[in-house]
Amino acid sequence: MMKTQLILIASMVLGITSVSIAQDTLKLNLRQAEQLFLSKNYQLIAQQYQTEQAKADVVTARLFDNPQLSYENLFYNHETNRFLETSAATGQYSAALSQLVKLAGKRNKNIQLANTGVKLAEYAYYDLMRTLRYNLRSTFYKAYYAQQSALVYHDQIESLDQLLKASEAQFKFGNVALKDVIRIRSEYYKLKAEYIALLNEIEDLKSTLKLLTNISSSTNLLLIIQPADDLEYSLQRQSFVQLLDSARLNRADLQLAKTEAIYAQNNLSIQKANAIPDIEISLSYDLKGNYPEKYTGLGIKIPVPLFNRNQGEIKKARILIEQGNVNLKQQEAVLENELYNSYKTALQTESLYLSIETGFNKNFEQLITEVTKNFKNRNISLIEFLDFYDSYKESILQLNLLKYERMNAKEEINYVTGSTIFK
């Protein structure tokens, strides 16, 4: 009997080893996931290109207008029956060089507007990073604690599987009633179904993590939380006013709204400048078409702003300023409400977490061991045993959910303040 058990254990160890070798498993903690996210996330990389495009607009705004060169030549002289003559006796040609000169500081105003566009792109990048980083960290914690809950299901399923096999064997000898076997089998199938559903949820969460970190879809992730990540943090040390000040200073979406208001002001400045016409200076030469021959002339051209003084664009620019100011006030209100809600939720979650005894999990595990032993000794009934078994599972699942909500509440504070208040 002992030899058979040793062979069985050895085969199980070899089987587990072979599976581990066959699968490409990556142990991943949160810091490593964040590093991969910052360097390989496709959405962040794509947003960086938007910033580079905005910087290219600054280069364009700095450029001066190109001079224009025009030339005209006599095509056919019917008196001499020759084409394209340029001689002073029988030919004719003229040339002109012109340059547009922008007035009212249009070039500098366009440069300023383009620089503001760069800031808009940068704040859009930081806001995208803030959102994606929160998704990454929240998903990581959710997947990790779901993994911990899956271990509870795994252990209970194995234990019930042994109990079911033993009960079915005893049923053949008439020592166990059929209703007890059916009750155990029903509980076993129920746990299996819940376990599979949880595993599917974990795979969905890991799929999101792989997409955020650009990890191969075939990689098997084993998520790890460092001891420092699960330490208690003191939310009470951070007052709401302090967090609000931090949010107003660091929230990229608020800075984006402020920059959009500045962009609208710069745009109005440009539209007002566009109402002032630019001048075009030209230098021309004409061989015989003017008086005197070999004519050299200096010219200037300027539109007369009688009808179009850019009234429509100026009105639109003023409306955009008003719209930007309203959007800014809305964003400030959203920020304050989001922070207040997250702060109150974090306080309540932390209070609930601290109210649970630190040894709850360990004490409950010891208790379930004793209950199992009493059931085997027939000191308690099957119904009592299964009810307690179910209570144990639900308690551990709720505890893992609370741990996730606590860590997620911390991440929400970081998210709504746009800064790393809690590491």
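Preceding this paragraph is the structure being described.
Now for a look at the structure at hand. No experiment lies behind these values; they were computed from the predicted model shown. (Residues numbered from 1 in each chain as written. Predicted model: local features only at pLDDT ≥ 70, side-chain atom pairs only at ≥ 80, totals over all residues. Heavy atoms only, no water.)

**Overview of the overall build of the protein**
Okay, so step 1: Along the backbone of the protein there are ten helices and eight strands.
Okay, so step 2: For 423 residues, the compact-globule formula gives about 22 Å, and the C-alpha radius of gyration of the protein, at 38 Å, lies well above that figure.
Okay, so step 3: Within the protein, buried positions represent 35% of all 423 residues.
Okay, so step 4: Contacts in the protein between residues far apart in sequence, at least 24 positions, make up 79% of those at least 6 positions apart.
Okay, so step 5: Split by element, the accessible area of the protein, about 26,100 Å² in all, is 56% carbon and sulfur.
Okay, so step 6: Mean positive and mean negative side-chain charge positions of the protein (48 and 46 charges, respectively) differ by 2 Å. (Helix = DSSP H or I, 4+ residues; strand = E, 2+ residues; numbered from the N terminus. Rg over C-alpha atoms; globule rule 2.2 N^0.38 Å. Buried < 20%, exposed > 50% of the residue type's maximum accessible area, 1.4 Å probe, protein only. Contact = heavy atoms within 4.5 Å. Areas by Shrake-Rupley, 256 points an atom, 1.4 Å probe, with all protein chains shown as cover. Lys, Arg positive; Asp, Glu negative; His and termini not counted. Charge placed at Lys NZ, Arg CZ, Asp CG, Glu CD.)

**Some remarks on the nonpolar core**
Okay, so step 1: Membership of the largest hydrophobic core comes to 26 residues, with the highest contact counts inside it found for Tyr153, Leu160, Leu163, Ile184, Leu198, Leu382 and Phe385.
Okay, so step 2: Put simply, the parts of the chain that give this core at least two residues each are helix H4 (106-172), helix H5 (178-213), helix H9 (360-376) and helix H10 (382-417).
Okay, so step 3: At eight residues, H4 tops the list of elements feeding residues into this core.
Okay, so step 4: Residues Leu28, Leu30, Ile215 and Ile225 belong to the second largest nonpolar core, which totals 23 residues. (Core = buried A, V, L, I, M, F, W, Y, C linked by side-chain atoms within 4.5 Å.)

**Looking at the packing of aromatic side chains**
Okay, so step 1: Enumeration according to the criterion identifies twelve aromatic pairs in this entry.
Okay, so step 2: Between the aromatic rings of tyrosine 144 and tyrosine 145, the centroid separation amounts to 5.0 Å while the plane-to-plane angle is 80°, which identifies the pairing as edge-to-face. In terms of burial, tyrosine 144 and tyrosine 145 fall into one category: buried.
Okay, so step 3: Aromatic pair phenylalanine 240 and tyrosine 343: ring centres 6.0 Å apart, planes at 50°, arrangement tilted. (Phe/Tyr/Trp six-rings, centres within 6.5 Å; stacked < 30°, edge-to-face > 60°.)

**Regarding the packing of helix H6 (residues 240-250) against H10**
Okay, so step 1: Contact pair H6 / H10: the axes reach a minimum separation of 7 Å and the direction vectors enclose 50°. By the angle class used here, H6 and H10 are oblique. Residues Leu243, Ser246, Ala247 and Asn250 of H6 lie in contact with H10, whose contacting residues are Ile413, Val416 and Thr417.
Okay, so step 2: In the contact of H6 with H10, the residues fall into four nonpolar, three polar and no charged. (Axes fitted to C-alpha atoms, helices over the stretch in contact; angles between N-to-C directions. Parallel < 35°, antiparallel > 145°, perpendicular 65-115°, else oblique. Nonpolar A, V, L, I, M, F, W, Y, C, P; charged D, E, K, R; others polar.)

**Observations concerning the environment of glutamine 43**
Okay, so step 1: With respect to the secondary-structure elements, glutamine 43 resides in helix H3 (residues 42-62).
Okay, so step 2: With a relative accessible area of 44%, glutamine 43 lands in the partly exposed category.
Okay, so step 3: Distance from glutamine 43 to leucine 132, taken between C-alpha atoms, is 8.9 Å for residues 89 residues apart in sequence.
Okay, so step 4: With near-sequence residues (within four places) excluded, glutamine 43 lies in contact with Leu128 and Leu132.

**Notes on the sheet that holds strand S7 (residues 279-286)**
Okay, so step 1: With respect to topology, four strands assemble into an open sheet ordered S2-S5-S7-S8, the strand pairing being antiparallel. Lying at the two open borders of the sheet, with one neighbouring strand each, are strand S2 (68-73) and strand S8 (295-301). This sheet shows a mean twist of 15° between the axes of neighbouring strands, independent of strand direction.
Okay, so step 2: Pairing between S7 and S8: seven bridges, direction antiparallel. Residue pairing across strands places leucine 283 opposite leucine 298, the latter belonging to S8. (Pairing = 2+ DSSP bridges.)

**Some remarks on the pairing of strand S6 (residues 220-224)**
If a strand is regular, its side chains alternate between the two faces of the sheet.
Okay, so step 1: Of the two faces of S6, only the one carrying Leu221 and Leu223 is buried; Asn220, Leu222 and Ile224 on the other face are not.
Okay, so step 2: One ladder, built from five bridges, connects strand S1 (residues 25-29) with S6; its direction is parallel. Its bridge partner lying in S6, leucine 28 is registered against leucine 223.

**Topic: the pattern of salt bridges**
Okay, so step 1: Per the stated rule, a full pass over the model turns up 23 salt bridges.
Okay, so step 2: One salt bridge connects aspartate 180 with lysine 179, and the closest N-O pair in it is separated by 3.3 Å.
Okay, so step 3: Aspartate 180 gets classed as partly exposed once you look at its relative accessible area, which sits at 23%.
Okay, so step 4: Classification of lysine 179 by relative accessible area gives exposed; the value is 61%.
Okay, so step 5: Each of Asp127, Arg130, Arg251, Asp253 and Glu338 takes part in one network of salt bridges that share partners. (Salt bridge = Lys/Arg side-chain N within 4 Å of Asp/Glu carboxyl O.)

**Things to note about the environment of lysine 294**
Okay, so step 1: Relative to the helices and strands, lysine 294 resides in the loop between S7 and S8.
Okay, so step 2: Of the residues examined, lysine 294 reaches a relative accessible area of 53% and is grouped as exposed.
Okay, so step 3: Linking lysine 294 and alanine 88, residues 206 residues apart in sequence, is a C-alpha distance of 8.9 Å.
Okay, so step 4: When near neighbours in sequence (up to four residues on either side) are disregarded, lysine 294 contacts Tyr285, Asp286 and Leu287.

**So, H6**
Think of an α-helix as 3.6 residues a turn; residues three or four steps apart then line up on the same face.
Okay, so step 1: Three or more residues of H6 are buried, namely Leu243, Leu244, Ser246 and Ala247. For H6, the buried positions fall inside an angular range of 160° around the axis, keeping them on one side. Set apart from the buried face of H6 by more than 90 degrees, the exposed residues are Val241 and Leu249.
Okay, so step 2: At its buried positions, H6 is contacted by helix H7 (252-274), helix H8 (311-355) and H10. (Arc of directions from axis to C-beta.)

**Structural notes on the environment of serine 87**
Okay, so step 1: Within the fold, serine 87 resides in the loop between strand S4 (82-83) and strand S5 (93-101).
Okay, so step 2: Residue serine 87 is classed as partly exposed on the basis of its relative accessible area of 32%.
Okay, so step 3: Between the C-alpha atoms of serine 87 and leucine 397, which are 310 residues apart in sequence, the distance is 100 Å.

**Overview of the packing of helix H2 (residues 30-40) against H3**
Okay, so step 1: In contact at an axis separation of 6 Å, H2 and H3 are set at 35° when each is read in the N-to-C sense. On H3, the residues touching Phe37, Leu38, Ser39 and Lys40 of H2 are Tyr42, Leu44 and Ile45.
Okay, so step 2: Residue classes in the contact of H2 with H3 are distributed as five nonpolar, one polar and one charged.

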